[in-house]
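Now for the letters of each chain:
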Amino acid sequence: MHKSKKIKSNWYDQPFFKWLYGTKTSSSKQKVSLTTEQQKELVRLNGGWDEDKLFIPMMTKREAMLRYASTWKAIWFFCLPTIVLMVVQGLYNILDKSLSLIFVTPNAIKNPLYLQYMVGDDSHSILLQSLNNTTIANSGEFITTLKQYFTFSSDDQVNYVLTFFKTDGNGAISYVDHGAQDLFSYLKLENISITSAKMKEYINVSTQYTVQSYNIVLSFTQILAIGAGMHYSTEFGKRNKEKLKEIAGNGLTYSFLGSIIIGVVLFALSYRPWGQILIASQMGHNQNLIVEELAWKDVQPLIYGISAIFLAFMSMNMLRSEGKMIHIMIMTITSLGVKFLTSILLMKYTDLELTAAQLGTIFSFLYQFIYCLIVMFFSKVTYSNFSFHDLFNLRLKNLTYALKAGFPNFINYFSFVVNGYLTTSLVIRLPASRSGPSIEANGGVSILQQLISSITPWNEFILSAVVGLNQGVRTMIAYNDGAGKNDRILEILKRSSWLMLGWFAFILMLVFAIGPYMLELFAFPSTYARYGNEFYWYLILFFMFYPLACFSYIDLGLFQGKGRTIAATIASSLRSLVIFVPLTLIGFFTAKGVNNPLWYFFFIGLTDLISSFILIPMLIGFYYQQKATHQLKNKGDDKMTLASYNKFLVKYGVDQKQQKQAQISYEEIVDNLEKTHFRK
């Protein structure tokens, strides 16, 4: 009796790799009976026969670019607008901070509420906390400390303010009872305000706390907008153009409903009378009433205008997936002007302070949404011009497809929330820096928190360019995957990978060269922004393996474009959550153990290195799995698609020779289609 030979299975047939690289098999399509008019509309959009009449629609320039243009040309055509879009989005936080520091500060230093919070009383006072935690050997040092907080116009004012303080036998400083006139009343009467430098520090820190709220909103917009955009791109690649209107209409409705839910949750987490949980938890035990008030003013417009953001992102992704890149670029750049104009006017001529800065952001998103609607309905060639029926006849499958396809992007964007929240919450609990002031001496604000607050807008801006490139690449891969153009996908991936690596390498060199100036731009004290000092090396450690971050976005673009949701989710979560969080905690406890905050920044900087040890093998493994299972073969274009493309070339060919050749090819294909049809 012969023993049956045990067949050795290939590595890619193992359950783990099937799970990792697998894609959900689509269920068999249900047959839907169409009316005669619907059938004619379908033929008009996709091409085909209506009784004995042949319809061949001309391929759009965007579809021709996706399918047939040179790889570099296609990358620039589809990625440059998304890069501009995301860079502009990245600039919003930078602009908010920069404009706020310039235009909010003059109004905020005169706000009597902030002056009252600064003076406080013996039970809680920002000023007394600082004075009692600063080494003061004589009256000269006392005056120097006071001048860090208040702007005096004469020495008489300084000398009179000194009379409001007393020191007990233990050296503790408290207020002297002046009867009817306390320190706050005197400062207000003499128009003595908080210094601009100190107010800028508070604005910088408060906007760092509220950026987590913005990132929460952004992450939830992406799961719907990017997911629906992926659905749109895939159906566009299959030339299923009737489905596109339904995706667009359903997507806007689901986005609006989602915005209401997230808005309510964000309000509950941010409302000041309810404890301002999202802000207070980042501040720890270091209470600063000025920062809390500024943070609430900054987040209010974001909550009340959240629907504009959701709808703008959804409509933008529809147009981007359809390939209307010129419109996207024009809209994005002009919306920045709307942001500038609205924010500056409101901040300069009203007392809204940080609320005015965020109102400019909301108005710019509202402008983007209106612009997108105009393009959707008034373009010569458009497939996203949904009807009211598409808005209200909601299909759950469209929502589930968007949620599944957009989930990796949700992880990627929500990681900004986790990263920012965790970093901000832990950094104030680190040991004191060796060359900077203590938290108490700095008015309840950590100098390391100020460092993180100055790094964060740069970090998000730097990543935004790669996120934009990734989004364009993903759209191209999704389309070509639907069209079966695997060789083209490989070429797109190679070229985009070099662009991402080059960008991150350039940024690392820039940080080495002008790091201190980058920090000073966001109110990091110039005293501590110096080459070679403690804080300079913290900055270098933070960015030290940044070039390896490119593999997170290379893997994400490929796996998401190819519909490998599990692999895409892992690719997006490694750098942002799975690796980052443990390393941050290790860095925190190590820094606490050795009493040196350097280790906190060192371990955070290792994130991209450790992530690349997993991401690179995932990329290589997927290539060999696809090659071994013969999934790298190209799918040939059907005659209807070729006829549509040649019809496009007849009109838009580069020269008369190409147009003439396209006319000949078109006539040959049409003749062949007609012979085949009438032979049946």
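Residues numbered from 1 in each chain as written. Predicted model: local features only at pLDDT ≥ 70, side-chain atom pairs only at ≥ 80, totals over all residues. Heavy atoms only, no water.

Counting secondary structure elements, the protein contains 28 helices and six strands. Along the first, second and third principal axes, the C-alpha set of the protein runs to 110 × 70 × 45 Å. Looking at the protein as a whole, 57% of its 680 residues qualify as buried. Contacts spanning at least 24 positions in sequence make up 79% of the contacts within the protein whose residues lie at least 6 apart. As displayed, the protein has an accessible area near 30100 Å², and 62% of this comes from carbon and sulfur atoms. Seen as two clouds, the 60 positive and the 44 negative side-chain charges of the protein have centres 13 Å apart. (Helix = DSSP H or I, 4+ residues; strand = E, 2+ residues; numbered from the N terminus. Buried < 20%, exposed > 50% of the residue type's maximum accessible area, 1.4 Å probe, protein only. Contact = heavy atoms within 4.5 Å. Areas by Shrake-Rupley, 256 points an atom, 1.4 Å probe, with all protein chains shown as cover. Lys, Arg positive; Asp, Glu negative; His and termini not counted. Charge placed at Lys NZ, Arg CZ, Asp CG, Glu CD.)

Turning to the pattern of salt bridges, a few remarks are in order. In this structure the tally under the stated criterion is 13 salt bridges. Between Lys198 and Glu201 there is a salt bridge; the shortest N-O distance is 3.3 Å. Here Lys198 and its partner Glu201 are both found in helix 10 (residues 196–237), three residues apart, which amounts to about one turn of the helix. The buried category is assigned to Lys198, whose relative accessible area is 5%. Across the pair Arg272 and Glu293 runs a salt bridge, and its minimum N-O distance is 2.3 Å. With Arg272 in the loop between helix 11 (242–270) and helix 12 (277–283) and Glu293 in helix 13 (residues 289–304), this residue pair connects regions lying 21 residues apart in the sequence. A single burial state applies to Arg272 and to Glu293, both of which are buried. Residues joined in a network through salt bridges with shared partners are Arg67, Lys485 and Asp637. (Salt bridge = Lys/Arg side-chain N within 4 Å of Asp/Glu carboxyl O.)

Glancing now at the confidence of the model for the protein. Within the protein, residue pLDDT values average 86, and 94% of them lie at 70 or more. Scored below 50 in pLDDT, residues 25–31 makes zero contacts in the model with residues more than four places away or belonging to other chains. (pLDDT = per-residue confidence, 0-100.)

Positionally, Val119 belongs in helix 5 (residues 112–119). Along the sequence, Val119 and Leu187 sit 68 residues apart, while their C-alpha atoms lie 9.4 Å from each other. Excluding residues that lie within four positions of it along the chain, Val119 makes contacts with Ser125, Phe150, Tyr175, Leu183, Phe184 and Leu187.

It is worth spelling out helix 22 (residues 550–561) at this point. If you check helix 22, its first and last C-alpha atoms are 17 Å apart, about what 12 residues at 1.5 Å a residue would give, namely 16 Å. Of all the 12 residues making up helix 22, 12 are buried; the element is thus mostly covered by neighbouring parts of the structure. Within helix 22, burial applies to Cys550, Phe551, Ser552, Tyr553, Ile554, Asp555, Leu556, Gly557, Leu558, Phe559, Gln560 and Gly561. One or two steps after helix 22, the chain reaches Gly563, where phi turns positive at roughly 80°. (Expected span 1.5 Å × (residues − 1).)

This part covers the nonpolar core. Core analysis: the largest hydrophobic core is formed by 140 residues, its most contacted members being Phe504, Phe543, Phe559, Tyr600 and Phe601. Sorting elements by how many residues they give to this core places helix 19 (residues 447–483) first, with 18 residues. Beyond its immediate stretch of four places on either side in the chain, Phe559 contacts Tyr21, Arg564, Ala567, Ala568, Ala571, Met618 and Phe622. Tyr114, Tyr149, Tyr186 and Leu336 belong to the second largest nonpolar core, which has 54 residues in total. (Core = buried A, V, L, I, M, F, W, Y, C linked by side-chain atoms within 4.5 Å.)

Moving on: a nonpolar patch on the surface. On the surface, Phe363, Leu366, Ile370, Ile374, Phe377 and Phe378 cluster together into a nonpolar patch covering about 600 Å² of accessible area. The exposed category is assigned to Phe378, whose relative accessible area is 68%. (Patch = residues over 30% accessible without salt bridge, like charges linked within 9 Å, V, L, I, M, F, W, Y side chains within 5 Å.)

Turning to the packing of aromatic side chains, a few remarks are in order. Under the defined criterion, the tally for this structure stands at 49 aromatic pairs. Relative to Phe522, the ring of Trp458 has its centre 5.7 Å away and its plane inclined at 70°; by these criteria the two rings are edge-to-face. Remark: Phe522 occurs in the loop between helix 20 (486–520) and helix 21 (534–543) and Trp458 occurs in helix 19; sequence separation between them is 64 residues. Just as Trp458 is buried, Phe522 falls in that class too. Linked through ring pairs, Phe16, Phe17, Trp19, Tyr21, Phe559 and Phe622 together constitute an aromatic cluster. Above the face of the Tyr149 ring, Lys198 is positioned so that its terminal group lies 4.6 Å from the ring centre. (Phe/Tyr/Trp six-rings, centres within 6.5 Å; stacked < 30°, edge-to-face > 60°. Lys NZ or Arg CZ within 6 Å of the ring centre and 35° of its normal.)

Before going further, it helps to spend a moment on unusual backbone geometry. Positive phi, normally seen in glycine, also occurs at Gln276, with a value near 50°. By secondary structure assignment, the location of Gln276 is in the loop between helix 11 and helix 12. Phi angles above zero are rare outside glycine, and Asn595 is one such case at about 60°. Its location among the elements puts Asn595 in the loop between helix 24 (580–594) and helix 25 (598–605).

Once that is clear, we can look at the state of the cysteines. Tallied over the entire structure, the rule returns zero disulfides. This cysteine, Cys372, is not joined by any disulfide, and Cys79 carries the nearest cysteine sulfur, 18 Å off. Here Cys550 stays unpaired: no disulfide links it, and the sulfur of Cys79, its closest cysteine neighbor, is 15 Å away. Residue class for Cys550 comes out buried when judged on its relative accessible area of 2%. (Disulfide = S-S within 2.5 Å.)

Following the sequence through the fold, Glu292 ends up in helix 13. When sequence neighbours within four positions are dropped, the list of residues in contact with Glu292 reads Arg272, Gln276, Met283 and Gln287.

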